[in-house]
Amino acid sequence: MQIDWVNFTPLSALLGGALIGLAAALLINVNGRVMGASGILGGLFSANADWPWRLSFLAGLIAPAIAMNAIGAPKPVLLAGTSTLIVAGILVGFGTRLGSGCTSGHGICGIARISPRSIVATLVFMLAGIATVYVVRHALAGAAS
Amino acid sequence: MKNLTAFAIGLLFGIGLLVSGMNQPPKVLGFLDLFGRWDPSLIFVMGAGLAVSAAGFAIARMRGKALVGGPLYLPEKTKIDPRLLVGALTFGVGWGLSGVCPGPAIINVGFATLPATIFFVAILAGMAVYEIFNRTTARL
């Protein structure tokens with residue numbers, strides 16, 4: 001294993017992580033809801049879902065990005081091509097709903113409340129992500145060269 | 001009231017994701033690239049996030065109800081079933097292909113680029129497919 005020291009950003013990672021954790025802590029205490037991005041978004045597909053708080057949360061979530069973009073901050077670069085993004089997006093949307101959560105719902109909230117389901121789910125999606133990156137960056141790239 | 005607090009907390013989550021770099025695919029893929037040049041930053045995101053969130057859930061459990069009124073909506077499922085495993089596996093593959101998970105996918109729409117919008121619409125499509133799948137299998 002080789003550590004990428006150039007791109008390693010422990011301080012902003014700790015600060016950002018603490019803010020994400022604080023948001024999760026507040027949402028369960030104040031609104032009584034688990035902060036899972038896929039669950040909050042996916043709940044909009046249910047007819048009986050409480051749309052107002054979900055949409056309010058999502059509006060808050062996207063607002064800092066709109067503000068950053070307005071002042072000309074650099075835009076995030078999606079490395080994958082269009083067809084890969086479409087396939088990946090469908091897998092992310094379907095998978096997070098079938099598996100009842102994503103990085104925030106299982107990874108941050110679920111593990112924090114020591115849910116065995118979330119611990120297992122987080123291990124599975126982390127390992128699947130690592131395996132996928134290995135195949136794309138090393139196995140396939142190696143086979144092509 | 002609960003919509004106002006949801007907005008404010010969403011704002012905090014959005015700032016946290018931007019600060020942590022979770023919305024930047026090179027950062028996330030660098031973390032998942034264990035066999036290449038590995039960027040361990042996201043371990044620190046998760047560590048700090050878990051520490052604060054765990055304290056929050058412990059407090060919530062003691063209080064037993066939401067500040068705005070009403071119960072705590074905690075997940076009721078406890079069984080590790082095939083849906084959980086296949087779902088997590090499917091999500092992990094999509095995450096590894098794109099380097100973007102759902103929260104950051106929503107955020108990146110705010111930067112108004114075509115790839116970010118395509119990815120977000122694809123997520124919605126995947127969720128819609130799940131709804132159809134779920135309603136079909138529930139009838140079997």
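Summarised in this report is the structure supplied together with it.

Cut-offs applied
Residues numbered from 1 in each chain as written. Chains lettered and ligands numbered in written order. Predicted model: local features only at pLDDT ≥ 70, side-chain atom pairs only at ≥ 80, totals over all residues. Heavy atoms only, no water. Axes fitted to C-alpha atoms, helices over the stretch in contact; angles between N-to-C directions. Helix = DSSP H or I, 4+ residues; strand = E, 2+ residues; numbered from the N terminus. Parallel < 35°, antiparallel > 145°, perpendicular 65-115°, else oblique. Left-handed = near helix turned anticlockwise from the far one by under 90°. Contact = heavy atoms within 4.5 Å. Nonpolar A, V, L, I, M, F, W, Y, C, P; charged D, E, K, R; others polar. Salt bridge = Lys/Arg side-chain N within 4 Å of Asp/Glu carboxyl O. Buried < 20%, exposed > 50% of the residue type's maximum accessible area, 1.4 Å probe, protein only.

## Topic: the packing of helix α5 (residues 103–112) of chain A against helix α3 (residues 41–63) of chain B
Next up, step 1: For the pair α5 of chain A and α3 of chain B, interaxial distance at closest approach is 8 Å and the crossing angle is 45°. In terms of orientation, α5 of chain A and α3 of chain B fall into the oblique class. You can see that α5 of chain A and α3 of chain B cross each other, and the crossing is right-handed. Along the contact surface, α5 of chain A presents G107, I108, C109, I111 and A112 of chain A, while α3 of chain B presents M46, G49, L50, S53, A54 and F57 of chain B.
Next up, step 2: Broken down by class, the residue content of the contact of α5 of chain A with α3 of chain B amounts to eight nonpolar, three polar and no charged.

## A word on the pattern of salt bridges
Next up, step 1: In total, this model carries eight salt bridges over all chains according to the counting rule given.
Next up, step 2: Between R137 of chain A and D33 of chain B there is a salt bridge, and its shortest N-O distance comes to 3.0 Å. Of this pair, R137 of chain A sits in helix α6 (residues 116–144) while D33 of chain B sits in the loop between α2 (25–32) and β1 (37–38), each in a different chain.
Next up, step 3: Among the residues examined, R137 of chain A registers a relative accessible area of 32% and is labelled partly exposed.
Next up, step 4: It is possible to trace a salt-bridge network through shared partners that takes in R33, D50 and R54 of chain A.

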